[in-house]
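What follows is the residue order along each chain.
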Amino acid sequence: MTNTGGGGPRPRTSWWREGAITTLAFALCLLGGVLQVDDTLSPPSVSAYVIAVVSCAVLPVRHRAPLAALAATTAVGVLVPPLGLLLTPLIVTPAVITTYSYSLAARTERRAASAVVLTSAALAAAIPAFGDFSWKDASRMGVVAAFPLVAGVLGHSVRNRRAYLEAVEGRARRAEQNRDSEARRRVAEERVRIARELHDLVAHQITLANAQATVAAHLFDTRPEQTRTSLKELVETTSHALDELRATVGLLRQSGDTAAPAEPAPGLSRLPTLLESFRRAGLEVSVHQEGTVRPLPPGVDLTAYRIVQEALTNVTKHAGAGSARVRLVWTGDRVTITVADDGGGTRTAPTASTGPTASSGPTASSGPTASAAADRSPGYGLIGMRERATAVGGHLSAGRRPEGGFLVSTQLPLPPAQDPTRDRDRATTTEEGQMTDGEAGDTP
């Protein structure tokens, strides 16, 4: 009854409903033709049958052409008095039905209101236009005019209700789509975060293990004691790597919420331990800090630690350098961390070395590391560092220095200082060690 679409096939239940409505309208229209002007009843005349058949025959097309159906039923209703029939709300039932349907189908409220008012006025005006006019006719004219108006108001209300429900359903569908998109985005972000954590963990530990194994291999025949030391350090490095990897995978396998981890996330407080692991691998590192050291939020602290770890891993794995320098500058609203190497080496593997001098730690380990690095394509180390810095509101840049070597620099935000006037530049520590040759670049 409210389908405003085109002329496509209609469901079978819709045809049954249309048949029932048309039959009911035909019966009410004939019942209205039984009433006479003198308030008596008589069998329906031929005119009553004509009025009922013509007006009800228009009803099935009111969905496809609601305005035409309304005009036709209104015109038939206006012809009721000239045909000698009493114009009552019963005999104009088809016009009331089409008024309701047009109120549902009208494109604008102004059109619907205009059509309903015109229909009501035309039917009411037909009563005094033909024959004598009495007070009974006046009351009947008011009732006849009221029925199309009520049908129009009802149709308008149903139309608004349906529009509201469609809007609610549309918002619900969009909200569901947004939830799905947000869920997919969060899953993607979590996958990237897990990949970044695993990359930092595995790349760091495997790089150190590779450097220690290389030193042990070159010193196996000439310096057995140093070889044992390197192998012992290699065992410790791989054991630590397995522990961290087991802990990370264990967290991923847990289905529910977990309690706080037993070991806190690494931060700059563990920087000396990190640097010591690189020294054992043969990397010479110096650390210089300026400004007043302040505690960092957990996310920023972890980011700073991982960036230093990844940058030094790149130096150990790729850079043909003799040393690396880590510099931390603490200012009012940010901490600037730079990691640079001297770029003193080359990518090509050195010639085969013999003798005790050629078998020393850094020189011996640089050949295989540098030659293997030459065959590797850039990976995700720099990408991961940039993602970490951006995630906490910082910025990272990396590239070759004009004077040689490679430089990684990042600026990370700091929480507001308790007393900014006490922030002064000052050098705090300088630490030195040994280094393994490689070329500055990105871990694969």
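Values in this document were obtained by computation on a predicted structure and should not be read as measured data.

A.B. asks: Lay out the sheet that holds strand 1 (residues 285-290) in plain terms, naming residues and giving numbers.
C.D. replies: On the basis of which strands lie adjacent, the open sheet formed by 5 strands has the order 1-2-3-5-4 and mixed pairing. The open sheet is flanked by strand 1 and strand 4 (395-400), the only strands paired with a single partner. Taking each pair of neighbouring strands and ignoring which way they run, the sheet shows an average axis angle of 10°. Note: strand 1 against strand 2 (residues 324-330), 6 bridges, orientation parallel. Opposite glutamate 290, over in strand 2, you have valine 329 as the bridge partner.

A.B. asks: Tell me what's going on with the environment of alanine 265, and back it up with residues and numbers.
C.D. replies: Tracing the chain through its elements places alanine 265 in the loop between helix 7 (224-253) and helix 8 (271-280). As a C-alpha pair, alanine 265 and tyrosine 305 span 40 residues in sequence and 9.7 Å in three-dimensional space.

A.B. asks: So what's going on with helix 3 (residues 66-78)? Residues and values would help.
C.D. replies: Over its 13 residues, helix 3 extends 18 Å from the first C-alpha to the last, a length consistent with the 18 Å expected when each residue adds 1.5 Å. Among the residues making up helix 3, those that are buried are Pro66, Ala69, Leu70, Thr73, Thr74, Val76 and Gly77. All buried residues of helix 3 project into a common sector of 160° when viewed along the axis, lining one side. Here the buried face of helix 3 lies against helix 2 (46-57), helix 4 (93-105) and helix 5 (109-129).

A.B. asks: Outline the packing of helix 9 (residues 298-317) against helix 12 (residues 381-391), supporting the account with residue identities and numerical values.
C.D. replies: In the contact formed by helix 9 and helix 12, the axes pass within 10 Å of each other and the chain directions differ by 165°. Classified by the angle between their axes, helix 9 and helix 12 sit roughly antiparallel to one another. In this structure, helix 9 meets helix 12 at a crossing whose hand is left-handed. Touching Leu302, Thr303, Arg306, Ile307, Glu310, Ala311 and Asn314 of helix 9 are Gly381, Leu382, Met385, Arg388 and Ala389, all from helix 12. Across the contact of helix 9 with helix 12, the residue classes tally to 6 nonpolar, 3 polar and 3 charged.

Procedures and definitions
- Residues numbered from 1 in each chain as written.
- Predicted model: local features only at pLDDT ≥ 70, side-chain atom pairs only at ≥ 80, totals over all residues.
- Heavy atoms only, no water.
- Pairing = 2+ DSSP bridges.
- Helix = DSSP H or I, 4+ residues; strand = E, 2+ residues; numbered from the N terminus.
- Axes fitted to C-alpha atoms, helices over the stretch in contact; angles between N-to-C directions.
- Expected span 1.5 Å × (residues − 1).
- Buried < 20%, exposed > 50% of the residue type's maximum accessible area, 1.4 Å probe, protein only.
- Arc of directions from axis to C-beta.
- Contact = heavy atoms within 4.5 Å.
- Parallel < 35°, antiparallel > 145°, perpendicular 65-115°, else oblique.
- Left-handed = near helix turned anticlockwise from the far one by under 90°.
- Nonpolar A, V, L, I, M, F, W, Y, C, P; charged D, E, K, R; others polar.

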